[in-house]
Amino acid sequence: MATFTERMGPVLLVWLAVCLGGTWAVDKGNFKTCEQSAFCKRQRAIKPGESPYRALLETMELTNTRLTLQLINDNNKVRLLLELYRLQGNITRVKINELKPLKPRYEVPDVLIREPPTEPLSLLSQDENGVVLSLGPESQRVIVSARPFRLDIVEGRDVLMSLNSRGLLGFEHLRMRKDTFSYKVTSTVASVWNNIKRVFSSQADPEAENKEGADPANQDENTKEEEEKVEDGMWEETFKSHTDSKPNGPSAVSLDFSLPGVEHVYGIPEHADTLKLKTTDSGDPYRLYNLDVFQYELYNPMALYGGVPVMLAHNAQRTTGIFWLNAAETWVDISSNTAGKTVFGKMLDFVQGSSETPQTDVRWISESGIIDVFLMLGPTPRDVFSQYASLTGTQAFPPLASLGYHQCRWNYNDQEDVRSVDAGFDEHDIPYDFIWLDIEHTDGKRYFTWDPHKFASPKEMLQGLMDKKRKMVAIVDPHIKVDTNYKIHNEIRSRGFYVKNKDGGDYEGWCWPGSAGYPDFVRPDMRAWWASQFAYDQYEGAMENLYTWNDMNEPSVFNGPEVTMHKDALHGAWEHRDVHNLYGLYVHMATAQGLMERSGGVERPFVLTRAFFAGSQRYGAVWTGDNAAEWDHLKISIPMCLSLSLVGISFCGADVGGFFKSPSTELLVRWYQTGAYQPFFRAHAHLDTPRREPWLFGPENTALIREAVRQRYTFLPYWYQLFYLAYHTGEPVMRPLWVEYPQDPATFALDDEFLLGRDLLVHPVTEEGARGVTAYLPGKEEVWFDIHTFQKHNGGQNLYIPVTMSSIPVFQRGGSIIPRKLRVRRSSACMEHDPYTLYVALNNQRTAEGELYIDDGHTFNYEKKEFIHRRFSFSNNVLSSVDLEPGAQFTTKSWVERIIILGASKPSSITLKTADGVNQLEFDFDASMSVLTIRKPGMNAGADWTVTLQ
């Protein structure tokens, strides 16, 4: 028998040639369109009209916490069970499943952080046409209409959301295949048994048939089931050379939602598209199916590496959300009655008195599982963030160091290369916190190992980094080399932990090591074992400053259908089709658990993942995958991260410089300037590209990159405070302008600028050769200060800003106080005890407020109230610092060395009052810019104090 390399080497070489060669473009033919996805094609063929489903009101049961009701499809007589719950926090949950499925249908576990607590439902009215239930607050009601079935959520006179209003509810019931031997036996036995029953019942009661026929309801129920036509792809489906056996047959579910008054919808990442989702009437729906897409195209609805089935809808009156909890392949269609209308057309409607209310309609289509949907009713953006966080959790609170700069490439060659790059940062005075190792650091792509020649002394390398208070990330992918000399493979195989193929053997596919097995992360015992492999006595060479990167976890299977796992592969009782979008979440979950366990639960993990799902925010960071060194890829990083932020994943970034291709010097500099103001800040590059460490492009460009990275480090206290807020509340760190200015339509589609928290507005330069940018400064009553020049600008305007190569347009909101650390050192840990400068930007009322959060930066001790959380406020010429958490205990050596007040008037004197007494402070005043600088006040950052301007 030929060896593995002889047999399959050419296949892998062809694949690598495509990846490493000069084509640099996605082969769209490798990935399905809706027309090529049988279930999507079937469901999309159902056109809006009268639904065949009606509610059987006589089956309704209402308890204190839920309503249940049967639905019947009048075409095939299959019954469904509707469950409706009112949840705490203004959320309504709707579940639809088969009443009596042939076998259980998959319901997604582990994504919700708990069973959501319910609130009482009460019946307001009922007649033969439907029922009306109270949802409690603000005269909210649910109206369930019977024929056809429809569900409306109403507040006062306004319809907030309608389900099945276009009649697109579809639920393919599980059935036996009619051309199989077992079906023929079963149906023959059933037919004989029915005939026997009919004979005996008619002998006992000759009028029984007449009686039965006299009841229209019975007649309705007993009508012969309409023969359902068998379509291509229902029981077997072939795409390219791959055949999906579909042993359970058709099982798709779909449902439509109507959003009256809504023209703007967002979310459902991951797509390389605009922030505002587009209508899909003239093309494919948005697809959610985690895939390894080689250099993805921009501005289309193709699936990418992750999928979060959450959509937000917004208008000037309200924000709502839809969370479709289904882990199978999903497509989302969007249509709008105002799509395509020009501004002139809309003005004409207004002048002519057109009464058409804007409306967006959304249809969700999933291949299997059940309908389980959470309707988050807002009404504010913050309410929706809180509602979603109450279901799936908040962003993990990251170690402070992970908010610094990360240096990565595929691959740093050996320990000497790592040492040299590390020294280069010191030589060029550029701070960084993490250096990364890609797949070549391993012994033959065997994860949890080190190349014995290139990385022979990993602990020595890690200790060298630790001595400089720096860290490392090494990649650990979830495809395991099939090799009997590899401990990890042997243990997984012996424990039966690999995913199985449809015939019950271990599933094998192709990935970086060649032939690989795929651990079944759906199994809790497999995840627990995986976590145990990160222990210091298991992961040889690991130390506490080594963290982890999960790539290829969609999962990527080079020779699989659509470069992923076969859908009929098995995870215990479930097919891969049921769980596909969960796989990456489970890998991320198990890895983060391993990093926590290795420290006895003391240290916070840092894990980066490429694939993700709802709930992934609980385990770490996400990046936008294999982008390219092109200006449009720089631009798209902003809406891609904003879309992730809106659905709970705040820790997002894009490969600085672009992964594929080589950036021009101008593009590289602009990307550093943009990345410095995005949550996850990492440069990365492909194996086949020239080296691009920041000092390789001449002294002028080194200086520009250095300045961008140093700006990032000065803002670390603000970043850290924002992540603490995200962890506590679910509010995004990086956010679209409409989140803070929800009544300003000018903000609704903006995605070339963004806010960090409430108080920093960033408009990166993303155009080649730009000499200026136009930034929209929101808020007619607001003022904004350029953070570099302190120039004051009024809100509610489009501001043209001339730019040079050193420009990064960033503005601080008047009314805010932002703490910064201006003494930038080689890493964040080296700055731990350094002093703060407070930037106080006054609004038109001459007030401002802000916060400061401090803890040890790396442990979970903040859960024990070991932190400092201060509130700063300025009003009536008094700046004060008060404790926001009097019960918390933590000490810091950091102090306040400077206070800069923007928009100030010149005082005659300034006094500081602390527990130690009252002191006069020195100050400078720049009358031309109205900037007051208070020098060396010197109070401890954790103390109470007041500064008074006379």
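Reference entry: report on the structure contained in this document. (Residues numbered from 1 in each chain as written. Predicted model: local features only at pLDDT ≥ 70, side-chain atom pairs only at ≥ 80, totals over all residues. Heavy atoms only, no water.)

1. Describing the overall build of the chain
If you tally the helices and strands in the chain, you get 18 helices and 53 strands. Each of the three principal axes of the chain carries a C-alpha extent, and together these read 110 × 75 × 55 Å. Restricting the contact set of the chain to residue pairs at least 6 apart, pairs at least 24 apart contribute 72%. Per element, the accessible surface of the chain, about 36400 Å² overall, is 51% carbon and sulfur. Of note, the chain has its 97 positive side-chain charges centred 2 Å away from the centre of its 123 negative side-chain charges. (Helix = DSSP H or I, 4+ residues; strand = E, 2+ residues; numbered from the N terminus. Contact = heavy atoms within 4.5 Å. Areas by Shrake-Rupley, 256 points an atom, 1.4 Å probe, with all protein chains shown as cover. Lys, Arg positive; Asp, Glu negative; His and termini not counted. Charge placed at Lys NZ, Arg CZ, Asp CG, Glu CD.)

2. Points about the pattern of salt bridges
With the rule as written, the count across this model stands at 68 salt bridges. Across the pair glutamate 693 and arginine 691 runs a salt bridge whose closest N-O atoms are separated by 3.2 Å. On the basis of relative accessible area, arginine 691 is assigned to the partly exposed category, the value being 29%. Counted as one network, the salt bridges with shared partners bring together Asp244, Arg287, Glu329, Glu367, Glu562, Lys567, Glu575 and Arg577. (Salt bridge = Lys/Arg side-chain N within 4 Å of Asp/Glu carboxyl O. Buried < 20%, exposed > 50% of the residue type's maximum accessible area, 1.4 Å probe, protein only.)

3. Structural notes on helix H17 (residues 716-729)
A rise of 1.5 Å per residue sets the reference length of H17, with its 14 residues, at 20 Å; its end C-alpha atoms lie 20 Å apart and thus fit the reference within 8%. Of all 14 residues in H17, 10 are buried, a share of seventy percent or more. Residues Leu716, Pro717, Tyr718, Trp719, Tyr720, Gln721, Leu722, Phe723, Tyr724 and Ala726 constitute the buried set of H17. Among the residues trailing H17, glycine 730 stands out with phi positive, at a value near 85°. (Expected span 1.5 Å × (residues − 1).)

4. Overview of the packing of aromatic side chains
Summed over the entire model, instances satisfying the criterion amount to 54 aromatic pairs. Residues tryptophan 549 and tryptophan 623 carry aromatic rings whose centres are separated by 5.8 Å and whose planes lie at 75° to one another, so their mutual orientation is edge-to-face. Remark: tryptophan 623 occurs in strand E31 (residues 621-623) and tryptophan 549 occurs in strand E27 (residues 546-550); sequence separation between them is 74 residues. By the burial criterion, tryptophan 549 is buried, and tryptophan 623 matches it. These aromatic residues form a ring-pair network of at least three members: Phe434, Trp436, Tyr547, Trp549, Phe606, Trp623, Phe651, Phe680 and Phe723. Here lysine 567 stacks its cationic end above the ring of tyrosine 289, 5.1 Å away from the centre of that ring. For arginine 682, the ring lying beneath its charged end belongs to tryptophan 549, and the centroid distance is 4.7 Å. (Phe/Tyr/Trp six-rings, centres within 6.5 Å; stacked < 30°, edge-to-face > 60°. Lys NZ or Arg CZ within 6 Å of the ring centre and 35° of its normal.)

5. Quick word on helix H14 (residues 631-646)
Its 16 residues give H14 an end-to-end C-alpha distance of 24 Å, which sits within 8% of 22 Å, the value for a rise of 1.5 Å per residue. Most of H14 sits inside the fold, with 14 of its 16 residues counted as buried. Two residues or fewer past H14, glycine 648 is found with a positive phi of approximately 95°.

6. Topic: the environment of serine 245
Here serine 245 shows up in the loop between strand E12 (242-244) and strand E13 (253-260). Of the residues examined, serine 245 reaches a relative accessible area of 24% and is grouped as partly exposed. Placed 257 residues apart in sequence, serine 245 and lysine 502 show a C-alpha to C-alpha distance of 8.4 Å. Residue contacts for serine 245: discarding those within four places in its chain leaves Trp235, Glu236, Lys502 and Asp568. Looking at serine 245, its side chain comes within polar contact range of the side chain of aspartate 568, at 2.7 Å. (Polar contact = N/O pair within 3.5 Å; in protein donor to acceptor, adjacent residues only side chain to side chain.)

7. Brief notes about the pairing of strand E39 (residues 783-786)
Covered by surrounding structure in E39 are Val783 and Phe785 together with Trp784 and Asp786, the residues of both alternating faces. One ladder, built from 3 bridges, connects E39 with strand E40 (residues 792-794); its direction is antiparallel. When the sheet's bridge partners are listed, tryptophan 784 is paired in E40 with histidine 793. Hairpin connection from E39 to E40: 5 residues lie between these consecutive antiparallel strands, with phenylalanine 790 at a positive phi of about 70°. (Pairing = 2+ DSSP bridges.)

8. Concerning the environment of phenylalanine 697
Its place among the elements puts phenylalanine 697 in the loop between strand E34 (681-683) and helix H16 (699-714). The class for phenylalanine 697 is partly exposed, based on a relative accessible area of 21%. Apart from residues no more than four positions distant in its own chain, phenylalanine 697 is found in contact with Thr665, Leu668, Arg691 and Arg692.

9. Examining the nonpolar core
Formed by 177 residues in total, the largest nonpolar core has its most connected members in Phe323, Trp530, Phe606, Tyr672, Tyr677 and Leu756. If one sorts the elements of this core by residue count, H14 sits on top with 9 residues. With residues near it in sequence (within four places) discarded, phenylalanine 323 still touches Val111, Leu112, Pro309, Val310, Asp372, Val373, Phe374, Met376, Tyr388, Leu391, Thr392 and Ala614. (Core = buried A, V, L, I, M, F, W, Y, C linked by side-chain atoms within 4.5 Å.)

10. Focus on the sheet that holds strand E26 (residues 514-517)
With antiparallel pairing, 3 strands are arranged side by side in an open sheet as E24-E26-E25. On the outer flanks of this sheet lie strand E24 (480-481) and strand E25 (508-511), each paired with one strand and no other. Here E25 pairs with E26 via 4 bridges, running antiparallel. Along E26, the bridge assignment pairs glycine 509 with alanine 516.

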